[in-house]
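Chains, contacts and geometry: an overview
Chain by chain, the residues:
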Amino acid sequence: MRVAAHPAAMPPERREAHRRIKLTGAANLRDLGGYHTYDGRRVRWGSLYRSDHLHHLSRRDQQVLKQLGLVTLIDLRSEAERVRQPNRLPAHHGINVVEIPILEETSSLMADLRERFERGDLDGIDPAALLSEANEQFVTCFTPSFRQFIQTVQTTGGAPLLFHCTAGKDRTGFAAALTLHLLDVPGETILADYLRSNEYTISARRRELALIRLTRGEHAASLVRQLLGVEAAYLQTAFATIDRIYGSFDAYVRDGLGLQEEDLAQLRSALLE
């Protein structure tokens, strides 16, 4: 079984074009390497990976995942999500799996939304409001969880680490944005990475969206598409909430995430080149 090379194993000039690692069972796995920082350094390839859930991985997908040499996997899903769609990791993988559940109510919320779709009860569903509220809660309710997330990244010390949730766009999107911000990657680069989920996640569900459009109408398909996607405003809500509650991002790093300058220096030394 031939397995495609991952970006870190490719010549530097080919890595960006292969940032997304194509799997049949996961649509949103990608390397966060190569992004430049304000001081001219760049994120190491092969150290940080973000993804959607790994429940549908094929045997070939598992071999690709094994090739990444992962030391740590951080699962940001609720217990109910993990039970319903357990990750299919390679046999004898030896990966340290760290569970940091964020938005525990997501599972019941999505179940409620599915029931409403089945009933055709679409009145009052506002995907933008729901996802903006989730990003606000990342700061107001789950800062301790993201503190644990960053501590785990720090402890891994630059060895290959993958973090994911279910769709790999909201919880994972904020986690990626937060990590890149701590590494001093410019905001426009962070936002561009965040918005890549639209390209990967929605394209992977194109047939499903077409079926919904055919059977339930354009309005239903539009709502599902919005729930599957991300908007710049969602991430901006999270960072605006940081400023509102903590006064500044630097204060959030210190008082919310519990990081000192030496911690940031250690993180950057491990993950930048």
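Residues numbered from 1 in each chain as written. Predicted model: local features only at pLDDT ≥ 70, side-chain atom pairs only at ≥ 80, totals over all residues. Heavy atoms only, no water.

A word on the pairing of strand S2 (residues 48–51)
- Burial along S2 is two-sided: Leu48 and Arg50 facing one way and Tyr49 and Ser51 facing the other are all buried.
- Of the pairings in the sheet, the one linking strand S1 (residues 30–31) to S2 comprises two bridges and is antiparallel in character. If you follow Arg30 over to S2, its bridge partner there is Arg50.
- Here four bridges tie S2 to strand S5 (residues 161–164), and the two strands are oriented parallel to one another. Residue Leu48 lies in a different strand from S5, and its bridge partner there is Leu161. (Buried < 20%, exposed > 50% of the residue type's maximum accessible area, 1.4 Å probe, protein only. Helix = DSSP H or I, 4+ residues; strand = E, 2+ residues; numbered from the N terminus. Pairing = 2+ DSSP bridges.)

Considering the sheet that holds S5
- On the basis of which strands lie adjacent, the open sheet formed by five strands has the order S1-S2-S5-S3-S4 and mixed pairing. Looking at strand neighbours, the two that pair on one side only are S1 and strand S4 (96–99), the edges of this open sheet.
- Strand contacts of helix H7 (residues 171–182): S2 and S5, with the helix running at about 160° to S2, the strand carrying the most contacts. (Contact = heavy atoms within 4.5 Å. Axes fitted to C-alpha atoms, helices over the stretch in contact; angles between N-to-C directions.)

Observations concerning unusual backbone geometry
- A positive phi angle, near 55°, is found at His92, a position not held by glycine.
- With respect to the element layout, His92 can be found in the loop between helix H3 (79–84) and S4.
- Positive phi, normally seen in glycine, also occurs at Asp184, with a value near 75°.
- With respect to the secondary-structure elements, Asp184 resides in the loop between H7 and helix H8 (187–204).
- Overall, the relative accessible area of 29% leaves Asp184 in the partly exposed class.

Re the packing of aromatic side chains
- Across all of its chains, the model carries eight aromatic pairs by this definition.
- With a centroid separation of 5.7 Å and 70° between ring planes, the pair formed by Phe138 and Phe146 is classed as edge-to-face. Assigned by exposure class, Phe138 and Phe146 land together as buried.
- An angle of 25° between the planes, with centres 5.5 Å apart, marks the rings of Phe138 and Phe174 as stacked. Of this pair, Phe138 sits in helix H5 (residues 127–140) while Phe174 sits in helix H7; the two residues are 36 residues apart in sequence, bridging distant segments of the chain. For the pair Phe138 and Phe174, one class covers both residues: buried.
- Aromatic ring contacts, followed pair by pair, group Phe138, Phe146, Phe174, Phe239, Tyr246, Phe249 and Tyr252 into a single cluster.
- The aromatic ring of Tyr35 is capped on one face by Arg19, whose charged end is 4.0 Å from the ring centroid. (Phe/Tyr/Trp six-rings, centres within 6.5 Å; stacked < 30°, edge-to-face > 60°. Lys NZ or Arg CZ within 6 Å of the ring centre and 35° of its normal.)

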